[in-house]
Amino acid sequence: MLQFASSDSSTESEIAKVESTSRRNHLKDEISWRALDMLQAGARQFIVARELSVHRSVIHRLWNHYQRNQNASRRRGSRRRRITTTADDRYLLQCARRRRTLTARQLASQLSAAAESSISRQTVLRRLHERGLLHDDLLFVCLCPEVALGPLT
């Protein structure tokens, strides 16, 4: 087995094995840089993967990313963008509280008329659910046009 950078690599390897027992979607930055140091020192990808107790494809993707960008850190905040702004969300909540019998489709059409941005009925339902308006005892928002009830008591 190859020895790299520090004399206590067996301890680090045990730590990596314990960390890899739980499922994770990406490597921590310090482990990524350690893997890159090993690769730059001439170790093969499968040996580095075995040493860090991760799959070989993880090391392969890390190495390709490093060669392309000269960086091993993950970009923060690279999630999918929200289609509605916070102002749109506030408007939806305000409309839902004022007129409790509106359907999600009607709320979506009100928002598109006010803000000139069309959203789906499912997005309206998600935004109301995020704020707890769909399961609140004090407020009932209609999910379908056939049901036009007021607040649940």
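- An unreviewed UniProt entry lists the chain under the name Transposase Tc1-like domain-containing protein, with Araneus ventricosus as the source organism.
- The record held by UniProt for the chain lists under Subcellular location (unreviewed entry) the comment "Nucleus".

### Thoughts on unusual backbone geometry
Then, in step 1: For Ser53, which is not glycine, the phi torsion reads 60° and is therefore positive.
Then, in step 2: Locating Ser53 in the fold gives a position in the loop between helix H3 (45-52) and helix H4 (56-69).
Then, in step 3: The exposure class of Ser53 is partly exposed, given its relative accessible area of 21%.
Then, in step 4: Of note in the backbone geometry, Gln70 takes a positive phi value of approximately 55° without being a glycine.
Then, in step 5: Mapped onto the elements of the fold, Gln70 is located in the loop between H4 and helix H5 (86-98).
Then, in step 6: Judged by relative accessible area, Gln70 falls into the exposed class, the value being 52%.

### Here's the deal with the packing of helix H2 (residues 29-40) against H3
Then, in step 1: Look at H2 against H3: their axes get within 10 Å of each other, and the N-to-C directions meet at 145°. Our pair here, H2 against H3, has a crossing hand that is right-handed. Here Ile31, Arg34, Ala35, Met38 and Leu39 of H2 come into contact with H3, specifically with Gln45, Val48, Glu51 and Leu52.
Then, in step 2: Split by residue class, the contact of H2 with H3 holds six nonpolar, one polar and two charged.

### Describing the packing of aromatic side chains
Then, in step 1: Under the definition given, this model contains two aromatic pairs.
Then, in step 2: A ring pair is formed by Trp33 and Tyr66, whose centres lie 6.2 Å apart and whose planes are at 85°; its orientation type is edge-to-face. With Trp33 in helix H2 and Tyr66 in helix H4, this pair connects stretches of sequence that are 33 residues apart.
Then, in step 3: Exposure remark for Trp33: the relative accessible area of 35% places this residue in the partly exposed category.
Then, in step 4: Ring pairing ties together the aromatic residues Trp33, Trp63 and Tyr66, which thus form one cluster.

Rules of the game
- In this convention, every chain numbers its residues from 1, walking through the sequence in written order.
- Reporting in this predicted model follows two pLDDT cut-offs: at least 70 for local features of residues, and 80 or more for side-chain atom pairs to be given and counted; totals over whole chains, interfaces and linings ignore these cut-offs and use all residues.
- Computation of side-chain values covers all heavy atoms of the structure but excludes hydrogens and water.
- UniProt positions are given in the numbering used here, feature names are shortened, and annotations may be inferred rather than shown by experiment.
- In this description a helix means any DSSP run of H or I spanning at least four residues, a strand means any run of E spanning at least two, and both kinds are numbered starting from the N terminus.
- Each residue is placed in one exposure class: buried if its accessible area under a 1.4 Å probe, protein chains only, is under 20% of its type's maximum, exposed if it is over 50%, and partly exposed if it falls in between.
- Axis lines are fitted to C-alpha atoms, over the contacting stretch for helices. Their N-to-C directions set the angle, which ranges from 0 to 180 degrees.
- Left-handed describes a crossing whose near helix is turned anticlockwise from the far helix by less than a right angle; the clockwise case is right-handed.
- The contact definition used throughout considers only heavy atoms, calling two residues in contact when any of these lie within 4.5 Å.
- Charged means Asp, Glu, Lys or Arg here, nonpolar means Ala, Val, Leu, Ile, Met, Phe, Trp, Tyr, Cys or Pro, and polar covers whatever is left, Gly included.
- Aromatic rings from Phe, Tyr and Trp, with only the six-membered ring used for Trp, were paired whenever their centres fell within 6.5 Å, and each pair was classed as stacked if the ring planes differed by under 30 degrees, edge-to-face if by over 60, and tilted otherwise.

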